[in-house]
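One-letter residues, chain by chain:
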Amino acid sequence: MTTGAWRPLSGPSQRVALEILLDGPLSRAELARRVELSAGSLTRLTKPMLESGLLVEVPGEVGDPKVGRPSQPLDVIPTSHHFVGVKLTGDTALAVLTTLRAEVIATAERPLTDHTPEAVADVVVELARSLSDGRPPITGLGISLGGHVDDSGDVPRGDFLDWRDVPFGRLVAERTDAQVVVANDVIAVTEAIHWFGAGRGISRFVLLTIGAGVGYGLVVHDKLVDTGEAGLGLVGHYQVDPAGPVCDRGHHGCASVMLTTDAITGQLSAALGRQIGYDECLALAENGDPDARRVVGRAGRALGRLIAAASNFTMPEAVVLGGEGVQLATVAQDELQAGLQADRHPSAAPPPIILEDPSFTQWARGAAVIAIQTFVLGRDSRN
């Protein structure tokens, strides 16, 4: 079947499309219940979507008491549109090709040896072309990076790339026919978890990421909380250990000097008198090395205190932990729980904690999800 273009919808039509995209296939009866429409209204809304190829009827009849006869469930064709997501770090551009439901089909990676915006834009477009080679043209291209990104795709601050006031979205759009969207990386991965991951169906959750930085994402009433201050790394300077090291802003024991991978490996490298990587650091701690246990345990307790603060202020249904440093939560589980309990009321229930895959692929997938959202909802209504 040849599908038509999916133009951004609004009102009840958008709600119907989103329910099917995120949870389909769904019967007409279930759809009518979810969007609070009569059977006749639902039929009128879905007819043009079926004719355009946006929706399809899939095999398998289900009883539909609202219309008094069996009906075929409705679904989307995930492979009707493809998206590329690119995560930019200070060293690398990692890209994924996904379906409309953010299923990863392929990955690719390129080094970033030149940080000039034009050179990075060239790398991003080359990655997108290589991933779509031999496939239908991509519908959207999402790019995420650590830093402050505004609604137009400009990057006022991109610390890992040493960028200031870079019109990066425009630079990439000049090089491709695909719809381009640029977003903060934590915002992007929060939305991926929200729409297609562990946060799906959870109305209120917190995401904390640890890795090169410390990130914080929040979904309330099934909607991302986004402000102009997203991407400033504010949670990185929340104090989690009053006796901890001093950061470059003069804060004692803030999250940035207790929980980032560089901070943890730097402390252990100093103690051992040699450079050490993050994976080796955790392995030494698991094997009982006293210096590693001390450093990793202290970081684990700090993470517990950060989870407690997020839980105390936002009362989430779940706390999701992500980022390339997330294995800290497993290795220092006892210390994490001690820090969490120390800062929670004794009668408070422990928040469910969900660990995300530490792979960098998750960050690139988040960028693809931002492109999917922009395509489905329209640029102005994504948030």
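Trainee: Before we go on, may I ask you to explain the sheet that holds strand β10 (residues 205-210) in this structure?
Mentor: Each strand in a sheet pairs with another by means of backbone hydrogen bonds, the pair being arranged parallel or else antiparallel. Strands sit in the order β12-β11-β10-β13-β14 across an open sheet of five strands; the sheet is mixed. With partners counted over all chains shown, the strands left at the sheet margins are β12 (223-224) and β14 (353-355), one partner each. With five bridges connecting them, β10 and strand β13 (residues 318-322) associate as parallel partners. By the bridge assignment for β13, Phe 205 is matched with Ala 318. On the sheet, helix α10 (residues 290-314) packs against β10, β11 (214-220), β13 and β14 and is oriented at approximately 155° with respect to β10.

Trainee: Could you clarify how one ought to interpret the sheet that holds strand β6 (residues 140-145) in this entry?
Mentor: On the basis of which strands lie adjacent, the open sheet formed by five strands has the order β5-β4-β3-β6-β9 and mixed pairing. Each of the sheet's edge strands pairs with one partner strand only, and the pair in question is β5 (104-111) and β9 (179-184). Direction aside, neighbouring strands of the sheet carry axes that sit 20° apart on average. The sheet contacts of helix α4 (residues 117-132) involve β3 (83-88), β4 (92-98), β5 and β6, and relative to β5 the element is tilted by about 145°. Seen against the sheet, helix α13 (residues 361-377) touches β3, β4, β5, β6 and β9 and runs at an angle of roughly 130° to β3.

Trainee: Would you explain the pattern of salt bridges in this entry?
Mentor: Pairing between side chains becomes possible if they bear opposite charge and their charged atoms approach one another. Counted under the stated rule, the structure contains 18 salt bridges. A salt bridge links Glu 19 to Arg 34; the nearest nitrogen and oxygen atoms lie 2.7 Å apart. One end of the pair, Glu 19, is in helix α1 (residues 11-23); the other, Arg 34, is in helix α2 (residues 28-35), with 15 residues separating them in the sequence. One salt bridge connects Arg 274 with Glu 280, and the closest N-O pair in it is separated by 2.9 Å. On the basis of relative accessibility, which here comes to 34%, the residue Glu 280 falls in the partly exposed class. Here the residues in one salt-bridge network are Glu 19, Asp 23, Glu 30, Arg 33, Arg 34 and Arg 200, joined through shared partners.

Trainee: Got a minute to help me understand the packing of helix α6 (residues 185-196) against α13 in this structure?
Mentor: Each packed pair of helices is defined by two parameters, the angle between the axes and the distance between the axes. Contact geometry of α6 with α13 gives a least axis separation of 7 Å together with a crossing angle of 70°. Taken together, α6 and α13 sit at an angle that is classed as roughly perpendicular. Contact residues: Asp 185, Val 186, Ala 188, Val 189, Glu 191, Ala 192, Trp 195 and Phe 196 in α6; Gln 362, Trp 363, Arg 365, Gly 366, Ala 367, Val 369, Ile 370, Gln 373 and Leu 377 in α13. Class assignment of the residues belonging to the contact of α6 with α13 gives a composition of eleven nonpolar, three polar and three charged.

Here is what the cut-offs are and how they apply
- Residues numbered from 1 in each chain as written.
- Predicted model: local features only at pLDDT ≥ 70, side-chain atom pairs only at ≥ 80, totals over all residues.
- Heavy atoms only, no water.
- Pairing = 2+ DSSP bridges.
- Helix = DSSP H or I, 4+ residues; strand = E, 2+ residues; numbered from the N terminus.
- Contact = heavy atoms within 4.5 Å.
- Axes fitted to C-alpha atoms, helices over the stretch in contact; angles between N-to-C directions.
- Salt bridge = Lys/Arg side-chain N within 4 Å of Asp/Glu carboxyl O.
- Buried < 20%, exposed > 50% of the residue type's maximum accessible area, 1.4 Å probe, protein only.
- Parallel < 35°, antiparallel > 145°, perpendicular 65-115°, else oblique.
- Nonpolar A, V, L, I, M, F, W, Y, C, P; charged D, E, K, R; others polar.

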